[in-house]
Amino acid sequence: MSAPDRPTAPANLAWLILILSLAPSVGLGLGRFAYSLVLPDMRDSLGWSYSSAGFMNTINAAGYLAGALIAASVARRFGPAASTRWSTAAAAASLALCALTGNFIVLSVARLVVGVAAAIGFVAGGTLAATIAQSQPARSNFLLSLFYVGPAIGILTSGLVAPFVLQYFGPGSWWIVWLAMTVLAIMMTVQMFVARFDIAASGPQTARGRFAIRPVIIFLAAYFLFGAGYIAYMTFMIAYVRDGGGGALAQSAFWSLIGLSALVTPWVWRRTFELDRGGLSMTIVLGVNAIGAAIPLLGHTPLLLGLSALVFGVAFFAVVTSTTAFVRFNYPSVAWPTAIAAMTISFGIGQTLGPVVVGAITDAMGSLSYALNVSAAMLAAGAILSAFQRPLPRPASS
């Protein structure tokens, strides 16, 4: 960004936020979601049980929760920009470790570190993105939503690479997929270290804003349900496609459609985030998300699966954007790191517990359809609940 006496053009601000979006692209898009694509081959090659395979998702989610708990403090201590850059570098290094070993304990540690790093990068990067977007009030919602296309970039690239690598190299090539993800992660991380962010926004911060849970308990509960519901869909849908006879092309197409539809989120929902300062925008996008998760229950045809991916994807990260917009509208800027971290913690608890609960239900009932039922139900419940969240008293400063 340029000096304060020369306002930065909106296009440059958008580019800076897109570079920031590479943090969740690495930590979430590649670090978390690509695991669903490589999991079947890892389980078969390494002789894992379903419990062991699920543990890798659980420990990643636990790491994310741990990272969310310390993210605000890290961002205040080292500044949002440095925290975002180095947490993304740590996530990339952990992906490399996944490619170098089949040892269960080492892989568990790598998945844990990816989770911690992803949460720090998400909170610190989201705080910095909100600060940058605030400099253009008329376009702030659109600019802020650009940060949340990052995971979609990771989902899209992994969907275009992983299934075909596995098909080409055959059984046991899971480590080659992780190697490819590492290369992509390094390329993205380098861009973040090259970019120049506003020094005022990226330096260490000592001020600590007040954040009370009680006024936003409804919103936090709704976000918890989103965390629990979305992870069930993202964990089980590739297996659902595969069980229906879908090969590498079908799996790649499904996964890539989620990423492609998520990329248009800033344009689809830009007006929705301006509707009010309460939970209305979250209700709308979370409701659409629930519909996308429920569509596969109508049938297993390619048309329905593709429609599910498009509808789910276009609302997936819009839910996350709505929480940051809520924070930006209802809290002064000094409180943003703490408030965003609180939202991320609630989300993290949901996505940690979600796979355990949904997996147990699936094992008991013997069908993945039940996992999708539970996923859609939790998302719908979150949409209804968030409608009751009222705006907070307007902050004195922003």
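No experiment lies behind these values; they were computed from the predicted model shown.

A. Layout of the overall build of the protein chain. Within the protein chain, the regular secondary structure consists of 17 helices and 0 strands. In terms of overall dimensions, the protein chain is globule-like: its C-alpha atoms have a radius of gyration of 20 Å, near the 21 Å expected for 398 residues. In terms of its C-alpha atoms, the protein chain occupies a principal-axis envelope of roughly 60 × 40 × 35 Å. Here the contacts in the protein chain between residues at least 6 apart in sequence split such that 85% fall between residues at least 24 apart. Element-wise, carbon and sulfur atoms account for 69% of the exposed surface of the protein chain, whose accessible area totals about 15200 Å².

B. Focus on the packing of aromatic side chains. Throughout the structure, instances matching the rule amount to 24 aromatic pairs. Between Tyr230 and Phe316, the ring centres sit 5.1 Å apart and the planes meet at 35 degrees, which makes this aromatic pair tilted. Separated by 86 residues along the polypeptide, Tyr230 in helix H11 (residues 217-243) and Phe316 in helix H15 (residues 302-330) bring together distant segments of the chain. For the residue pair Tyr230 and Phe316, the accessibility class agrees, reading buried in each case. Members of the aromatic cluster, joined through ring pairs, are Phe33, Tyr64, Tyr223, Phe226, Tyr230, Tyr233, Phe254, Phe312, Phe316, Phe317 and Phe347. Stacked on the ring of Phe78, the Lys or Arg Arg77 has its end atom at 4.9 Å from the ring centre.

C. Broad picture of the environment of Thr101. As for its placement among the helices and strands, Thr101 is situated in the loop between helix H5 (80-100) and helix H6 (104-133). With 62 residues separating them along the chain, Thr101 and Leu39 place their C-alpha atoms 15 Å apart. Apart from the residues within four sequence positions on either side, Thr101 is in contact with Val106, Leu107 and Trp174. Of the polar contacts made by the side chain of Thr101, one reaches the backbone nitrogen of Asn103; its length is 2.9 Å.

D. Spotlight on a nonpolar patch on the surface. Side chains of Ile349, Leu353, Val356 and Val357 sit close together on the surface and give an oily, nonpolar patch of about 310 Å² of accessible area. Along the chain, Leu353 falls in helix H16 (residues 336-365).

E. How the structure looks around the side chain of Arg85. Along the polypeptide, Arg85 turns up in helix H5. Here Arg85 falls in the buried class, since its relative accessible area comes to 17%. At 2.9 Å, the side chain of Arg85 forms a polar contact with the backbone oxygen of Met192. Within polar-contact distance, the side chain of Arg85 engages the backbone oxygen of Ala195 at 2.6 Å. With residues up to four places along the chain from it excluded, the contact list for Arg85 reads Thr189, Met192, Phe193, Ala195, Arg196 and Phe197.

Parameters at a glance
- Residues numbered from 1 in each chain as written.
- Predicted model: local features only at pLDDT ≥ 70, side-chain atom pairs only at ≥ 80, totals over all residues.
- Heavy atoms only, no water.
- Helix = DSSP H or I, 4+ residues; strand = E, 2+ residues; numbered from the N terminus.
- Rg over C-alpha atoms; globule rule 2.2 N^0.38 Å.
- Contact = heavy atoms within 4.5 Å.
- Areas by Shrake-Rupley, 256 points an atom, 1.4 Å probe, with all protein chains shown as cover.
- Phe/Tyr/Trp six-rings, centres within 6.5 Å; stacked < 30°, edge-to-face > 60°.
- Buried < 20%, exposed > 50% of the residue type's maximum accessible area, 1.4 Å probe, protein only.
- Lys NZ or Arg CZ within 6 Å of the ring centre and 35° of its normal.
- Polar contact = N/O pair within 3.5 Å; in protein donor to acceptor, adjacent residues only side chain to side chain.
- Patch = residues over 30% accessible without salt bridge, like charges linked within 9 Å, V, L, I, M, F, W, Y side chains within 5 Å.
- Salt bridge = Lys/Arg side-chain N within 4 Å of Asp/Glu carboxyl O.

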